[in-house]
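# Coordinate analysis (summary)
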Amino acid sequence: MFINGNWITDGIGKIVVKNPSNGETVGTVPKVGIEQVEEAIEAASKAFKTWSKLPAIERSNYLYRIAALMTEQKEELARTGTLEMGKAIADMRAEVQQAIEYVQWYAEEARRVYGETIPTDAPNKRVQVLKQPIGVVGAITPWNFPVSMITRKISPAIAAGCTVVLKPASQSPLSAKLIFEIFEQAGLPAGVVNLVAGNSNDISATLLNSKNVKKLSFTGSTEVGKMLMAQGAETVKKLSLELGGHAPFIVFEDADIDLAVDGLIAGKFSCAGQVCVAMNRLYVHQSVVDEFAEKLVEKTKQLKIGDGLDPETNVGPLVSEKGVEKSEKHVQDAIGKGAELLIGGKRPDKSKYTGSFFEPTVLKGVNDSMIISYEETFGPVAPIIAFETEEDVLKKANNTEYGLAAYFYTNNLSRVHRVSEELEYGIIGVNDTLPITVAVPFGGIKESGNGKEGGHHGIREYLVEKMISTRIEL
Ligand code: NAP
């Protein structure tokens, strides 16, 4: 753990990190106690006084140094991520590249935090809106993007002038440790960034109850997000919540079916389906559903399951046995209620695959009564639901408490606008299942959370606006 510029090796126990491909231990990190979390908050509060006053260009230069060091250590970052959470190395390399781009983007944004001057009706008044860093930030990240979720939060926070106490997921603390070693190598002043892992309840409660922590940025499940929101009420904590999703993927009758199949393969099976914006419900127009399903099965057959470090692997293991059980349960429930299994649907041969693997799966004939149609699977299962009309599919697509991402395929320009406007989601991909880049605002609506990460929008989450009205003599 890294607190006030020092590495702490003594905690109140250890987190043992296991490779989900084979169950082997890949490393351990100490668990912090509540007192150490308080020390980290204290260090961040002290560092905030000077860090927030540095000229933006100096904060920007630190971020450029961090990006350069991450680029030098790209392969080690990718291998560490794959070892601890299983993702195929090609996907992990792409994630590290994006993580670096977040750092570079906010190195640039640091210098563009502009205020406002507002003309008033009173000739003797001048009104200004000043944007300032909010203060100490608590950040909690998940394991499915063990590198980029960290830089997507920390880069805008420190660019804005905030200081941070970060808690990574217990399944992926080794990637976090590597990133913090890079922060140290970049020479960030003590206390600007602090790393604590351990009991998530204790750490989040300490962050939320502290009056010195002004904001919490959380990425994870909707269930935990709601709990944190309730706990944060006591100190009226500003919260950014990037929560779960249940993305519809709609293929209209006028769509390019091959393009849609390729888009689905790219968006659904990377990270073994453990992606918040992955497609959960495949609504395909009844006139093209057979063609789509056939082509999807053909492409799914070509996916190679295996150890994430094997360069041939397309689909690595799920992060844990619990993840496999959930995919299994969703598939069994759907089959039990009449869905047709087209491919996969089970664990691969245990004698060849010792880790927590589940075969890429396609189901057809899925309907609204099946668990998979309303609960996030977080696994490599693609359920196809046939539909008849645009009106009907929009109703179905929006019939969920989630509002993170939605996708649709069509070649009709009017439909592009009509459907985009009707879908109740924060991210919409039109003929595009990979819409996320560092330049765009990422975030959900409804119970998928609030706040944005990425783009020029991301830095706003770490700023407060102060209105200054000055009466002058004319
Ligand atoms: P999770 O259980 O909510 O865990 C996420 C983070 O919250 C981890 O650091 C975890 O720590 C911590 N946590 C767990 N229980 C907590 C508690 N009671 N109090 C405070 N912190 C707690 O989610 P997950 O299963 O790891 O991740 C998958 C979920 O994240 C999915 O729903 C997915 O859609 C969502 N997600 C959303 C986005 C997005 O940007 N919208 C991105 C990625 C993932 P421990 O590991 O130590 O328990």
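Source: prediction; values computed, not measured.

### What about unusual backbone geometry?
- Within the chain, Cys 271 stands out as a residue other than glycine whose phi angle is a positive 60 degrees.
- Tracing the sequence through the fold places Cys 271 in the loop between α9 (257–268) and β13 (279–285).
- Classification of Cys 271 as buried rests on a relative accessible area of 4%.

### What about the UniProt feature "domain: Aldehyde dehydrogenase" (unreviewed entry) in the protein chain?
- Following the UniProt record, one finds the feature "domain: Aldehyde dehydrogenase" (unreviewed entry) at residues 9–467.
- End-to-end, the C-alpha atoms of residues 9–467 are 45 Å apart, and along that stretch the chain is 39% helix and 20% strand.

### Digging into the sheet that holds strand β14 (residues 340–343)
- Reading across the sheet, the seven strands line up as β14-β15-β16-β13-β12-β17-β18 and stay open at both edges, with mixed pairing between neighbours. Both edges of this open sheet fall to β14 and β18 (427–430), since each of them pairs with a single strand only. Neighbour-to-neighbour, the strand axes of the sheet open up by a mean angle of 20 degrees, direction not taken into account.
- Here α9 sits on the sheet in contact with β12 (247–251), β13, β16 (381–387) and β17 (405–409), set at roughly 170 degrees to β13.

### Re the pattern of salt bridges
- As enumerated under the stated definition, the model contains 25 salt bridges in all.
- With a closest N to O distance of 2.7 Å, Glu 321 and Arg 347 form a salt bridge. Of this pair, Glu 321 sits in helix α11 (residues 321–336) while Arg 347 is found in the loop between β14 and β15 (361–364), placing the two residues 26 residues apart along the sequence.
- A relative accessible area of 23% places Arg 347 in the partly exposed class.
- Through salt bridges with shared partners, a single ionic network connects Glu 253, Asp 254, Glu 390, Arg 415 and Arg 418.

### Points about the sheet that holds strand β20 (residues 463–471)
- Read from one edge of the open sheet, three strands run β5-β6-β20, paired in antiparallel fashion. The open sheet has two free edges, formed respectively by β5 (116–118) and β20, since each of these has just one partner strand. On average, each strand axis in the sheet is inclined to that of its neighbour by 20 degrees, with strand direction left out of account.
- In this sheet, β20 lies alongside strand β6 (residues 125–133) in antiparallel orientation, the contact comprising nine bridges. Note on β20: the bridge partner recorded for Gln 128 is Ile 468.

### Describing the layout of surface pockets
- Approximately 1,400 Å³ is the volume found for the largest pocket.
- In this structure, the largest pocket is lined by 45 residues; those nearest its centre are Trp 143, Gly 220, Ser 221, Glu 223 and Val 224.
- Only α7 (200–209), β10 (213–219), α8 (222–232) and α11 provide two or more residues apiece to the lining of the largest pocket.
- For the lining of the largest pocket, the leading source of residues is α8, giving seven residues.
- The residue makeup of the lining of the largest pocket, split by class, is 16 nonpolar, 19 polar and 10 charged.
- When residues of the lining of the largest pocket are assigned to domains, at least three map to each of domain 1 (2–243 + 447–470) and domain 2 (247–437).
- What lines the second largest pocket is a set of 27 residues, and nearest its centre among them are Gln 98, Phe 145, Ser 270, Leu 434 and Ile 436.
- Among the secondary structure elements, those contributing two or more residues to the lining of the second largest pocket are α4 (89–109), α5 (148–160) and α9.

The rules we used
Residues numbered from 1 in each chain as written. Predicted model: local features only at pLDDT ≥ 70, side-chain atom pairs only at ≥ 80, totals over all residues. Heavy atoms only, no water. Helix = DSSP H or I, 4+ residues; strand = E, 2+ residues; numbered from the N terminus. Buried < 20%, exposed > 50% of the residue type's maximum accessible area, 1.4 Å probe, protein only. UniProt positions renumbered as here; feature names shortened; annotations may be inferred. Pairing = 2+ DSSP bridges. Axes fitted to C-alpha atoms, helices over the stretch in contact; angles between N-to-C directions. Contact = heavy atoms within 4.5 Å. Salt bridge = Lys/Arg side-chain N within 4 Å of Asp/Glu carboxyl O. 1 Å grid on protein atoms, 1.4 Å probe; cavity = no way out; pocket = protein on both sides within 12 Å on 5 of 7 lines; lining within 4 Å. Points joined across faces, edges and corners; volume = space filled by probe spheres on them. Nonpolar A, V, L, I, M, F, W, Y, C, P; charged D, E, K, R; others polar. Domains from an automatic or database assignment.

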